[in-house]
Amino acid sequence: MSMTFGKSLARLRKENPLFANHYINYKELKDAVDEADVAKVMNLLRTELDKINDIVEVQWEALSGELMARMRKLGGEKLGAEANAESLENLSQAVVWLHSFIETNYLGFQKVVQKCVESQETASSSWFLARVEAASFRQHRFDELLVPLGRLYTAFRRAHGPGERAALHGLEDQALPMSGDGNAQVFFVPISQVMKAKVALLKVLEPAATMIKAKTNQGTRDTSRVTAEFRQKLTHVYFESSRGDQYAERLRRRVGGFKATTGPVGFLLQCHVAPPPLAEAGAPGDPSDPYHEVSVEIQDECYIVSKLTLLQKNMPAFLGGKATGDSPVETWATEAILKDQLRPAVSSSSFRSSFTAASSAGKAGAVLVSIDEQVSFRDEAALADDKAWCFAASKTGAASTSWSQVDFPGAILRIWLPASSANSLLGLLGVPDLDLKPVPGFSEALHGTALLHRELANPLPPWIPSETLVLAAGRSTLVVSPHGDEKGLLDVAGGKSQRVDKKPTEYKKAGSLKPTEAARSLRRTWCAMCGRGDAAAPVKDDPKLLVDCKTPMAIERTLLRWMRSTILLGSLSSLLMSGSSFDMQLNGVLLGLVCLIFTIFPLMSYVKRSRELSNPKAKQPKVDRTMPRILALSFSVVLFSTVCVNVFAGDSSQDS
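Sequence positions are assigned chain by chain, starting from 1 and proceeding in written order. Whole-chain, interface and lining totals are the exception, using all residues; otherwise, since this is a predicted model, local features are given only for residues with pLDDT of at least 70 and side-chain atom pairs are given and counted only at 80 or more. Note that water and hydrogens are dropped before the side-chain values are worked out from all heavy atoms of the structure.

Undergrad: Describe a negative patch on the surface, with residues and values.
TA: Taken together, the side chains of Asp50, Asp54, Glu57 and Glu61 make up a negatively charged region of the molecular surface. Per the convention used, a helix needs a DSSP run of H or I reaching at least four residues, while a strand needs a run of E reaching at least two, with both numbered from the N terminus. On the secondary structure map, Asp50 appears in helix H3 (residues 38–72). Like-charged residues within 9 Å of one another, or nonpolar side chains (Val, Leu, Ile, Met, Phe, Trp, Tyr) within 5 Å, are grouped into patches, provided each residue has over 30% relative accessible area and no salt bridge. Surface accessibility in these figures is a Shrake-Rupley result with a 1.4 Å probe; residues are shielded only by whichever protein chains are displayed. The term salt bridge refers to a side-chain nitrogen of Lys or Arg lying within 4 Å of a carboxyl oxygen of Asp or Glu. Counted as positive: Lys and Arg. Counted as negative: Asp and Glu. His and the chain ends are not counted at all. To locate a charge, take atom NZ for lysine, CZ for arginine, CG for aspartate or CD for glutamate.

This is the structure:
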């Protein structure tokens with residue numbers, strides 16, 4: 001049974017005494033929300049946010065200062081082996097604790113704000129989560145701590161011998177290629193163990209990172225700032241046909257193995273959108289730049305990967321089956337696209353941290369381990385930008401469905417070594433402490449297709465239990481009948497995937513919304529994959545629509561303003577009707593009619609909007625311009641009538 005957040009917080013206070021008095025006061029915030037005291041809730045949220053910002057800032061400055069001071073002393077005198085090892089272990093533990101403290105408090109704020117949203121009296125506090133997102137304790141990049149920590153561990157190993165790391169000697173010669181789907185040993189890492197896994201890897205391997213020193217001088221003081229680039233943004237786009245051929249081929253290779261393939265052996269096609277180079281002043285580049293390069297990888301029936309580099313602006317022609325150069329690889333790829341009607345179907349994006357083994361010359365060797373964080377899958381068939389070939393190349397990122405992206409609640413650790421060598425490395429990392437879950441044959445393409453195009457994923461990958469992922473009642477966003485009927489589609493009604501005998505149909509970048517049952521099914525899937533105890537727990541229905549208390553007050557204020565205007569018009573009407581001339585009395589009567597109109601219409605609008613707010617299935621309100629138009633028309637009629645009366649009255653007086 002999973003532990004509640006309150007109990008987890010109490011456990012963390014005991015394990016981490018340094019931050020014991022600085023964690024979010026979750027119990028007091030919950031009690032304030034239950035009391036429906038908005039002012040008290042907001043005061044507590046502000047106080048807790050300021051407290052967490054202050055302690056994180058202090059600890060960050062202390063850690064970064066200590067690490068950089070040690071970096072400057074690397075070329076100096078050596079310390080004792082025990083003292084140096086102990087101090088590095090203390091620094092490593094401090095980094096893990098700080099990361100855990102930040103993530104735990106952020107989760108606490110999310111839970112408190114969610115609890116506020118569930119209550120109508122405190123729903124107005126929901127905006128505070130945006131302030132937490134922009135808070136200073138969320139803006140720190142842990143790369144700036146991990147990279148110097150890794151350099152210190154590397155220097156320590158060189159100065160005092162490899163120790164237990166001697167068992168890893170020669171592993172760089174066994175490193176497997178990272179092209180295609182790769183042959184790595186894959187493990188799922190819980191989100192709470194990611195930083196601990198990184199620190200454990202730094203103790204035996206080197207970070208594949210760079211440190212850039214931006215030197216600035218303030219008088220005679222050196223105020224240089226060092227920035228580290230450790231995590232690299234990766235985006236892979238996977239192609240698919242309307243028959244699911246790529247999924248079937250990839251499943252046979254990744255799960256069944258090459259020898260287990262039956263029938264004709266095909267090929268695999270995917271694209272890799274590398275992160276763009278930094279712009280001026282170190283700002284991130286634009287991935288949608290038409291001159292940005294895209295790497296196309298084709299894996300043939302013998303597992304040989306051929307690569308091709310294209311520009312973003314040439315990708316639409318490439319997808320249309322037109323070669324833009326004389327490369328035989330490009331010709332082969334375009335012919336395959338036309339033959340099998342391949343189109344971008346699923347993409348995966350993540351931030352990868354790589355770890356290498358040092359070569360004999362002291363230079364970085366081959367990548368042995370990588371960790372992918374913030375993994376998300378997108379349905380490329382739902383892209384609504386006609387000018388882009390994938391979401392990574394789109395400036396707008398607009399999607400035609402609300403179910404176009406699924407986030408992975410954890411990290412993916414890959415060991416790019418044979419199984420026997422990978423076990424040796426895992427023995428040094430301490431697998432039981434990291435809570436790693438092995439996933440043989442894992443592939444982002446298979447996983448993303450199973451989540452976003454369930455109709456094509458038949459059978460499911462072995463790491464996704466079939467009983468936890470219910471087949472959504474609908475159709476794949478990849479295919480649509482050319483005749484606009486139900487023929488030629490993948491019929492998945494009733495939870496069964498049935499294929500028709502008609503010729504596969506063409507792609508369409510549009511699709512129907514996924515039902516609510518698919519969302520509930522996906523939550524159960526994540527629970528089963530991550531080994532959580534609440535996999536079979538029932539999912540609550542969507543809560544009733546809650547309206548901010550300011551909304552009814554705004555409607556009441558609008559009614560009062562209309563009544564105030566009505567009173568002013570009524571007073572003016574009475575004054576004009578008491579006049580001696582006929583035109584004054586006529587104006588008074590007309591204004592009196594306007595007063596009656598604007599006594600009835602605002603009341604009707606007020607009653608209508610009040611009833612809409614009480615309806616839990618109320619639609620998005622639209623701007624109502626009826627009353628302002630009637631007001632303008634009424635005053636125009638009054639003015640026109642007054643002018644006509646004055647004109648006719650003047651003519652009759654002249655005739656007499």
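Undergrad: Explain the packing of aromatic side chains to me, using residue names and the numbers behind them.
TA: Note on aromatic contacts: the rings of Phe and Tyr and the six-membered ring of Trp form a pair at centre separations within 6.5 Å, being stacked when their planes are under 30 degrees apart, edge-to-face when over 60 apart, and tilted otherwise. Counted according to the given criterion, the structure contains 11 aromatic pairs. For the cation-ring pair, Arg231 lies above Phe351, with the distance from its terminal atom to the ring centre recorded as 4.8 Å. Whether a charge sits over a ring depends on NZ of Lys or CZ of Arg being within 6 Å of the ring centre and within 35 degrees of the ring normal. A cation sits over an aromatic face here: Arg378 above Phe391, 3.9 Å from the ring centre.

Undergrad: Please provide a residue-by-residue account of the nonpolar core, values included.
TA: The biggest cluster of nonpolar side chains holds 74 residues, and the ones touching the most others in it are Phe109, Phe137, Val369 and Ile415. It is H3 that contributes the most residues to this core, 12 residues altogether. Non-local contacts of Phe109, meaning those with residues more than four positions away in its chain, are made with Ile24, Leu45, Glu48, Leu49, Ile52, Phe128, Val132 and Phe137. Membership of the second largest hydrophobic core comes to 26 residues, among which are Leu319, Trp389, Cys390 and Phe391. To qualify as a nonpolar core, a set must consist of buried Ala, Val, Leu, Ile, Met, Phe, Trp, Tyr and Cys residues joined through side-chain atoms within 4.5 Å. Per-residue accessibility, obtained with a 1.4 Å probe over protein chains only, is compared with the maximum for each type, and a residue is labelled buried under 20%, exposed over 50%, and partly exposed between these values. Here, two residues are considered to be in contact whenever any of their heavy atoms come within 4.5 Å of each other.

Undergrad: Which residues make up the pattern of salt bridges, and what are the values?
TA: In the structure shown here, the tally under the stated rule is 20 salt bridges. Linking Lys51 and Glu48 is a salt bridge whose minimum nitrogen-to-oxygen distance equals 2.7 Å. Taken together, the residues span about one helical turn, with Lys51 and Glu48 both in helix H3 at a distance of 3 residues. Take Lys51: its relative accessible area is 24%, and that puts it in the partly exposed class. Among the residues examined, Glu48 registers a relative accessible area of 7% and is labelled buried. Each of the salt bridges in this network shares a partner with another, and the network as a whole consists of Arg352, Asp372, Arg414 and Glu444.

Undergrad: Can you tell me about the state of the cysteines, naming the residues and giving the values?
TA: What counts as a disulfide here is a pair of cysteine sulfur atoms lying within 2.5 Å. All told, the structure shown has 0 disulfides when counted by the stated rule. Cys390 supplies the cysteine sulfur nearest to Cys271, a cysteine that is in no disulfide, at a spacing of 7.9 Å.

Undergrad: Which residues make up the packing of helix H6 (residues 143–160) against helix H7 (residues 194–202), and what values do they have?
TA: In a pair of packed helices, the angle between the axes and the distance between the axes together describe the arrangement. Running from N to C, H6 and H7 point in directions that differ by 30 degrees, and their axes come no closer than 9 Å. On the basis of their axis angle, the class for H6 and H7 is roughly parallel. Only Met195, Lys198, Val199 and Leu202 of H7 make contact with H6, whose side of the interface consists of Leu146, Leu149, Gly150, Tyr153 and Arg157. Taken together, the residues of the contact of H6 with H7 break down into 6 nonpolar, 1 polar and 2 charged. The convention used is that axes are lines fitted to C-alpha atoms, helices contributing only their stretch in contact, and that angles between N-to-C directions extend from 0 to 180 degrees. Here roughly perpendicular refers to angles of 65 to 115 degrees, roughly parallel to angles under 35, roughly antiparallel to angles over 145, and oblique to all remaining angles. Any residue that is not Ala, Val, Leu, Ile, Met, Phe, Trp, Tyr, Cys, Pro, Asp, Glu, Lys or Arg is counted as polar, Gly included; the first ten are nonpolar and the last four charged.

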